[in-house]
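Below, each chain spelled out in residue letters.
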Amino acid sequence: MKQNHNLIVFLMDMATSLVASLFAILTLRTLTGEIPGFKNIFLAWMIATTVAAALGFAISGSYKIVVRHSTIKSIGKHFTATIVKEVVMLAATLLGFFSLFGYGETAFLATSLIYDGSFTLIFLILLRVAIITGYDSQRQSYADQVTKVSAVVYGTSNKSIAMVTRLLNSPNYNVIGFVTPEKGRGGQIIHDTKVWSYDDDLDFLDLRNKLGFDCLIVADHDPEQQGEIDNLCMCCLHNGIHVLNTPRISEAHFGGMSQDAIKEVGSQEMIVDGMSGFQRNFKRLVDCVLAGVLLVIFSPLFLICYLAIKLSDHGPAIYKQERIGRFGRPFYIYKFRSMRTDAEAAGPALYAGDDDPRLTKVGKFLRQHHLDELPQLWNVFIGDMAFIGWRPERKFYIDQIMEHDPRYYFLYQIRPGVTSYSTLKNGYTDTMEKMLRRLEFDLYYLRHRSLWFDIKILFATFVNIVFGKKF
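Residues numbered from 1 in each chain as written. Predicted model: local features only at pLDDT ≥ 70, side-chain atom pairs only at ≥ 80, totals over all residues. Heavy atoms only, no water.

Peer 1: Sorry if this is basic, but what is going on with the packing of helix H9 (residues 277-297) against helix H10 (residues 299-313) here?
Peer 2: Helices that pack against each other are described as a pair by the angle of their axes relative to one another and the distance between those axes. One way to put it is that H9 packs onto H10 with a least axis distance of 4 Å and a crossing angle of 60 degrees. Comparing the axis directions of H9 and H10 gives the class oblique. Two secondary-structure elements touch here, H9 through Leu295, Val296 and Ile297 and H10 through Ser299, Pro300 and Phe302. Taken together, the residues that form the contact of H9 with H10 break down as 5 nonpolar, 1 polar and no charged. (Axes fitted to C-alpha atoms, helices over the stretch in contact; angles between N-to-C directions. Helix = DSSP H or I, 4+ residues; strand = E, 2+ residues; numbered from the N terminus. Parallel < 35°, antiparallel > 145°, perpendicular 65-115°, else oblique. Contact = heavy atoms within 4.5 Å. Nonpolar A, V, L, I, M, F, W, Y, C, P; charged D, E, K, R; others polar.)

In structure tokens, the structure reads:
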């Protein structure tokens, strides 16, 4: 089902991109007047843009992101797809593809690329907004107020039905249905509330995309279903869906999110992201724009660092390492290389400070002034990281941390950061004791984070760097 959904969106995006390219070249023709051999140019243009658009969407994976509240991420993916498309078109121009059709006026083609890129990005964003709006219109009967948290209740037991009854008048929760793995229950109506069935985790996530709920409420803890409930809760956690386990009536009615109202996942407390959906989207927009601006401003510094590393030992200047990020998904974090190329030949090892023998001379300077972290601006720009979050770790160490404290899973709700609250409070972590203490600070940040909290962390980080604090 998910594959068919992705294929449909891919074809819609392709059609939109081709329409944008058609609109772009026809608009330019109208502005410039008659063009000799325009039919040949038009044919070559549409062939090239079809191949280029397909490559752009395949590389960016934008067709996989059609979820409510994902507009900012969608824009980023569409931006990437459009850049790839125009780069391929530029390559075709420089390699003489259009000259095969009897046209070699590069000025016109270059202008066409600007129009094509602009129209493509605008049309794709409008399409995605239309699709998400369509999703919203399908669920208007389920939600009367957009300020409410849309939720589904697990199971159809008496306790689950009682929970729905309690939440009917809640100003903070809008229950849009029951969910159950029991296929025979699907489609039933209980107290004017529909029952939705699912087969597995992927089917559950497809159901989430269709209904647009943000929260799963577990009101019944049947021991025979505990394994299924635990698996479903972990699936929700990895995909940004909040989990509430039998909130008290007062909490359900007034939406209290105090420390006394911390929920549980299995035997572990569930710590919910303190930011609202609007704040998360605004934070991502600011991160993307700020990272893009800083990449341009610091480009001369990037070049200086790159040349310094290359000239010092002729090894690679950029170092990448797999870390675990949002939703527990691996990604590559980028840094300027500060250690010898064989620094971890004997296996993973933590940084031991300025006296670490693996540091190169240039690398030691970069570390002391935090210049080795500059390439992470790219991680922020593409959405793997945020400026403020929790410091991402390697799976090798995460497995060890989780043996002591499984709550590390809760950090997967949000993006890791270039800096963090725990970095300010705990400094660099080179022992398991410090890692566990860092986790406590990260969980505190997760529960209490806000735009104002992020601003304070960013300011404190800047002050510490200016005054040469080591962390």
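Now, onward.
Peer 1: Which parts of the structure should I look at to understand the packing of aromatic side chains?
Peer 2: Geometry of an aromatic ring pair is reported as the spacing of the ring centres plus the angle between the planes. Tallied over the entire structure, the rule returns 20 aromatic pairs. Through successive ring pairs, a cluster of aromatic residues spans Tyr421, Phe441, Tyr444, Tyr445 and Phe453. Above the face of the tryptophan 196 ring, lysine 194 is positioned so that its terminal group lies 4.3 Å from the ring centre. The ring of tyrosine 332 carries lysine 320 above its face, with NZ or CZ at 4.4 Å from the centroid. (Phe/Tyr/Trp six-rings, centres within 6.5 Å; stacked < 30°, edge-to-face > 60°. Lys NZ or Arg CZ within 6 Å of the ring centre and 35° of its normal.)

Peer 1: Would you explain the nonpolar core in this entry?
Peer 2: Across soluble globular proteins, nonpolar side chains show a tendency to be buried alongside one another. Counting 39 residues, the largest nonpolar core has Phe336, Phe387, Tyr408, Leu443, Tyr445 and Ile457 as its most contacted members. Broken down by element, the residue count for this core peaks at 5 residues, all from helix H15 (residues 432-448). In contact with isoleucine 457, other than residues within four places in its own chain, are Ile388, Thr419, Ser420, Tyr421, Leu424 and Tyr445. Of all hydrophobic cores here, the second largest spans 20 residues; its members include Val179, Cys235, Ile241 and Val243. (Core = buried A, V, L, I, M, F, W, Y, C linked by side-chain atoms within 4.5 Å. Buried < 20%, exposed > 50% of the residue type's maximum accessible area, 1.4 Å probe, protein only.)

Peer 1: Just checking my understanding: could you explain the environment of phenylalanine 410 for this structure?
Peer 2: Turning to its location among the elements, phenylalanine 410 is positioned in the loop between helix H13 (395-404) and strand E12 (417-420). A relative accessible area of 2% means that phenylalanine 410 is categorised as buried. The sequence separation of phenylalanine 410 and phenylalanine 327 amounts to 83 residues, and the corresponding C-alpha distance is 9.2 Å.

Peer 1: Looking at this model, I keep getting lost on the pairing of strand E2 (residues 173-180). Mind explaining?
Peer 2: Sheet faces and side chains relate simply in a regular strand, where the side chains alternate between the two faces. Burial within E2 is extensive, with 8 of its 8 residues counted as buried. In this structure, strand E1 (residues 149-154) lies alongside E2, joined through 6 bridges in parallel fashion. Note on E2: the bridge partner recorded for tyrosine 154 is valine 179. By the bridge criterion, 3 bridges tie E2 to strand E4 (residues 193-197) in an arrangement that is parallel. Paired with threonine 180 across the bridge in E4 is serine 197. (Pairing = 2+ DSSP bridges.)

Peer 1: What exactly am I supposed to notice about the confidence of the model for the chain here?
Peer 2: Interpretation of the predicted coordinates at a detailed level should be avoided for regions scoring low in pLDDT. Per-residue pLDDT for the chain averages 77, and the proportion of residues at 70 or more is 78%. The secondary structure element of the chain with the lowest average pLDDT is helix H8 (residues 249-254), at 34, and the one with the highest is strand E11 (residues 386-389), at 93. Counted against residues more than four places away or in other chains, residues 138-146, with its pLDDT under 50, gives 11 contacts. Ignoring residues within four places in sequence, the model shows residues 247-269, a span with pLDDT below 50, making 52 contacts including any to other chains. (pLDDT = per-residue confidence, 0-100.)

Peer 1: Whenever I open this one, H13 confuses me. Can you help?
Peer 2: Since one α-helical turn is 3.6 residues long, residues separated by three or four positions face the same way. Listed in full, the buried residues belonging to H13 are Tyr397, Ile398, Ile401 and Met402. For H13, the buried positions fall inside an angular range of 135 degrees around the axis, keeping them on one side. Those residues of H13 that are buried are in contact with strand E9 (318-324) and H15. (Arc of directions from axis to C-beta.)

Peer 1: Can you help me understand the packing of H13 against H15 in this one?
Peer 2: The geometry of H13 relative to H15 is characterised by a closest axis approach of 10 Å and an angle of 75 degrees between their N-to-C directions. When the interaxial angle is binned, H13 and H15 end up roughly perpendicular. Contacts between H13 and H15 involve Tyr397, Gln400, Ile401 and His404 from the former and Met432, Met435, Leu436, Arg438 and Leu439 from the latter. Considered class by class, the residues forming the contact of H13 with H15 number 6 nonpolar, 2 polar and 1 charged.

Peer 1: Can you help me understand helix H7 (residues 226-238) in this one?
Peer 2: In this model H7 runs 18 Å from its N-terminal to its C-terminal C-alpha over 13 residues, within 8% of the 18 Å that 1.5 Å per residue would give. Along H7, the residues classified as buried are Ile229, Leu232, Cys233, Cys235, Cys236 and Leu237. Glycine 240 sits one or two positions beyond H7 and adopts a positive phi of about 75 degrees. (Expected span 1.5 Å × (residues − 1).)

Peer 1: Help me understand the pattern of salt bridges, please; the structure alone is not making it clear to me.
Peer 2: Side chains bearing opposite charge may pair, as long as their charged atoms lie close to each other. Taken as a whole and assessed by the stated rule, the structure comprises 10 salt bridges. Notably, a salt bridge pairs lysine 85 with aspartate 116, separated by 3.2 Å at the nearest N-O pair. Taken together, the positions of lysine 85 in helix H3 (residues 71-94) and aspartate 116 in helix H4 (residues 106-138) put the pair 31 residues apart, joining distant regions of the chain. Residues lysine 85 and aspartate 116 agree in their burial class; the two are buried. Taking the shortest distance from any N to any O, the salt bridge between glutamate 393 and arginine 438 comes out at 3.2 Å. Note that glutamate 393 is positioned in the loop between E11 and H13 and arginine 438 in helix H15, a separation of 45 residues in sequence. The buried category is assigned to arginine 438, whose relative accessible area is 7%. Within the structure, one salt-bridge network assembled from shared partners comprises Asp405, Arg407 and Glu440. (Salt bridge = Lys/Arg side-chain N within 4 Å of Asp/Glu carboxyl O.)

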